[in-house]
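# Notes for the structure review
As a plain string of letters, each chain reads:
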Amino acid sequence: STSKIIISNLGPNVRFEDIEHLLLQHGTVVACDKLTSKDPATQTVQVTFESTEQAQHRTDADVTQNLSRAVNQLNGIEIDSRPIKVELAVEKRGRRGPRGPGAPFGGLPGQSRQTDFPLRILVQSDMVGAIIGRQGSTIRQITQQTRARVDVHRKDNVGSLEKAITIYGNPENCTNACKRILEVMQQEANNTNKGEISLKILAHNNLIGRIIGKGGNTIKRIMQETDTKITVSSINDINSFNLERIITVKGAIDNMSRAEAQISAKLRQSYENDLQAMAPQTMMFPGLHPMAMMATAGIGYGSRGLYTGQAPYPGMYPAGAAQGGGDSQETTYLYIPNNAVGAIIGTKGSHIRNIIRFSGASVKIAPIDETKPQETQNERRVTIVGSPEAQWKAQYLIFEKMREEGFVAGSDDVRLTVEIMVPSSQVGRIIGKGGQNVRELQRVTGSVIKLPEQGASPQEDETTVHIIGPFFSVQSAQRRIRAMVLQSVVPLQGRPRQQRQQKDPSQSEAAALEPQQQQQ
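Please read all numbers here as calculations on a predicted model, not as lab measurements. (Residues numbered from 1 in each chain as written. Predicted model: local features only at pLDDT ≥ 70, side-chain atom pairs only at ≥ 80, totals over all residues. Heavy atoms only, no water.)

### Topic: the overall build of the protein
- Along the protein, the regular secondary structure elements total 17 helices and 19 strands.
- Counting only residues that meet the buried cut, the protein has 52% of its 520 residues in that class.
- Of the contacts made within the protein by residues no fewer than 6 positions apart, 70% connect residues no fewer than 24 positions apart.
- With an accessible surface of roughly 24800 Å², the protein has 48% of that area assigned to carbon and sulfur atoms. (Helix = DSSP H or I, 4+ residues; strand = E, 2+ residues; numbered from the N terminus. Buried < 20%, exposed > 50% of the residue type's maximum accessible area, 1.4 Å probe, protein only. Contact = heavy atoms within 4.5 Å. Areas by Shrake-Rupley, 256 points an atom, 1.4 Å probe, with all protein chains shown as cover.)

Structure, rendered in structure tokens:
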């Protein structure tokens, strides 16, 4: 029985807190996921209520009746002076996951805030039968005892030696369910003389650096405190369809469980930090939740998407954006400290090859300029050429590597300088009257933006814009500046006041130089 409803026509600024009081009258909300909205000016969410498996005393009929009542009572209520539309979510067989990126919707409430970060583990395929039990009895018992939801992805990756299990719930419940699964696996191993079992936790590649810690400090501390042995799979084992790495924990069951709790807490904290870092940038693409944007960078913390072979990169641009120019090539210059070059290139070029393979961009690091004294050259220029999405991924991987390698102290963000070229005729427009546009850009994106002084006569057809800041700030600034240039060349539909008479011939030239990108 379905326990989900879909709410559409929510205003762009509505957050979960604004609708929570209405929803709680109809049951316990387990999750609230953002879906792709047909109208980009509005938001659509899917609300999941506690289902019958979790609420023993209620029957399927109760749930269905309750949801129908919720739909009738909520339909048409005005929120932010818009009447909302509410319908039952229809589960379509054979279709994986909700439509769209399925990102958590603007700030879930305390009790279900943590449900949007599941625990994912890998088990040997021949253990799956024991974990599920006869007619599902064992897994039902685990679910009832721990109050966590356990999904065994047994139909994924048919024929593979291992299967993924996703556990949803608050941290303590997830840990209890994981421990129960380990006990079942150990029992099964004893029965079949398989010896010791180990716990394999799946974690997104972009969270791994923080589990390992600088010089391996974090992982060593967890091993010492829990008396376990922990190893992490190689970055070479991941590909663009599966960005998860495997953290293998060995030891006694109680110790493995304690290690899991610490690892999960660290993963969840890192995920929350990334969400926070994204928060100021939600304006970057109206109507897109941070997680959907992160998914674009191959940073999608999807609970299933990554494992079912569906690409973890939902489109970076909101629905309704012009689809024509998605493959247009952009050139960006990124400056990295000289002493970071080795880390970015990797052993025998392995890391830079990974960046190129993942992002689909061309990435070239400039050699040291022999004509200048070496001590004056403390930075190297990295030239990145690719589509907007390839740019995003390549830049992310460079920033991320710098952080992993400890080029910044403590939890500070890596701040780098990025340069993009804009038609010189557009510089005045980007700066704005008395510098107001560039000040606003700096305020909204959180990055430092440097352009030549207004009134300085341009020497070239193109002018360099310097953008300095942490990754998400720099991304936001790049996209906004490129969108400003694009709007002047290709006016946005339905906004006649922004249409400019192209008197300046260099503007038409810019249109020819810069193929149409996707409009935000």
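### What about the nonpolar core?
- Within the largest apolar cluster, 42 residues are counted, with the highest numbers of intra-cluster contacts made by I398, I449 and I481.
- Of all the elements, helix α13 (residues 388-404) adds the most residues to this core, at eight residues.
- When residues no more than four places from it in sequence are discounted, the contact partners of I481 are I420, V422, I430, L441, I449, V465 and I467.
- Counting 41 residues, the second-largest nonpolar core is a separate cluster that includes I142, I165, C174 and A259. (Core = buried A, V, L, I, M, F, W, Y, C linked by side-chain atoms within 4.5 Å.)

### What to know about the packing of helix α7 (residues 205-212) against α13
- The contact between α7 and α13 brings their axes to 10 Å, and the two run at 10°. As summarised for this structure, α7 and α13 are arranged roughly parallel, according to the angle between their axes. Of α13, the residues touching α7 (which contributes N205, N206, G209 and R210) are Y396, E400, R403 and E404.
- When its residues are assigned to classes, the contact of α7 with α13 shows one nonpolar, three polar and four charged. (Axes fitted to C-alpha atoms, helices over the stretch in contact; angles between N-to-C directions. Parallel < 35°, antiparallel > 145°, perpendicular 65-115°, else oblique. Nonpolar A, V, L, I, M, F, W, Y, C, P; charged D, E, K, R; others polar.)

### Description of the packing of aromatic side chains
- As enumerated under the stated definition, the model contains four aromatic pairs in all.
- Summarising the aromatic geometry, the rings of W392 and F471 are spaced 5.6 Å apart at their centres and angled 70° between planes, so their arrangement reads as edge-to-face. Placement of W392 in helix α13 and of F471 in helix α16 (residues 471-489) is noted, with a sequence separation of 79 residues between them. For the pair W392 and F471, one class covers both residues: buried.
- The interplanar angle of 70° and the centroid separation of 4.9 Å between the aromatic rings of F471 and F472 together place this pair among those described as edge-to-face. One exposure class covers both F471 and F472, and it is buried.
- A connected cluster of aromatic rings, assembled from ring pairs, spans W392, Y396, F399, F471 and F472.
- Between R149 and the ring centre of Y168, over which it is positioned, the NZ or CZ distance is 4.1 Å. (Phe/Tyr/Trp six-rings, centres within 6.5 Å; stacked < 30°, edge-to-face > 60°. Lys NZ or Arg CZ within 6 Å of the ring centre and 35° of its normal.)

### What about the sheet that holds strand β12 (residues 229-232)?
- In spatial order, the strands read β9-β10-β8-β11-β13-β12; together these six strands make up an open sheet with antiparallel pairing. Two strands close off the open sheet at either side, each with one partner strand: β9 (149-152) and β12. In this sheet, neighbouring strand axes are inclined to one another by 30° on average, regardless of whether the strands run parallel or antiparallel.
- Across four bridges, β12 lies against strand β13 (residues 244-250) in antiparallel orientation. Note on β13: the bridge partner recorded for K229 is K250. (Pairing = 2+ DSSP bridges.)

### Notes on the environment of E162
- Tracing the backbone shows E162 in strand β10 (residues 162-168).
- The exposure class of E162 is partly exposed, given its relative accessible area of 24%.
- Once the C-alpha coordinates of E162 and V128 are considered, the two residues, 34 residues apart in sequence, prove to be 9.0 Å apart.
- Leaving out residues up to four positions away in the same chain, E162 has contacts with L122, V123, Q124, S125 and K200.
- A distance of 2.8 Å separates polar atoms of two side chains, one belonging to E162 and the other to K200. (Polar contact = N/O pair within 3.5 Å; in protein donor to acceptor, adjacent residues only side chain to side chain.)

### Side note on the pairing of strand β11 (residues 199-204)
- The element β11 is largely enclosed, with a buried count of five among its six residues.
- Where strand β8 (residues 119-124) and β11 come together, three bridges link them in antiparallel fashion. Paired with R120 across the two strands is L202, which belongs to β11.
- Relative to β13, β11 runs antiparallel, the two being bridged by six bridges. Among the inter-strand pairings, I201 is bridged to a residue of β13, identified as I247.

### Details of the sheet that holds strand β16 (residues 379-386)
- With antiparallel pairing, the six strands of this open sheet are ordered in space as β15-β16-β14-β17-β19-β18. The open sheet has two free edges, formed respectively by β15 (362-365) and β18 (448-450), since each of these has just one partner strand. Going across the sheet, the axis of each strand differs from the next one's by a mean of 20°, ignoring polarity.
- One ladder, built from eight bridges, connects strand β17 (residues 416-423) with strand β19 (residues 462-469); its direction is antiparallel. Following the sheet pairing, P423 is matched in β19 by E462.
- Relative to strand β14 (residues 330-337), α13 is tilted by about 5°, and along the sheet it contacts β14, β15, β16, β17 and β19.

### Remarks on the environment of E188
- Along the chain, E188 turns up in helix α6 (residues 171-191).
- The exposure class assigned to E188 is partly exposed, which follows from its relative accessible area of 22%.
- On a C-alpha basis, the gap between E188 and I131 in space is 9.0 Å, while along the polypeptide they are 57 residues apart.
- Sequence-distant contacts of E188, defined by excluding residues within four places in its chain, comprise D126, M127 and A130.

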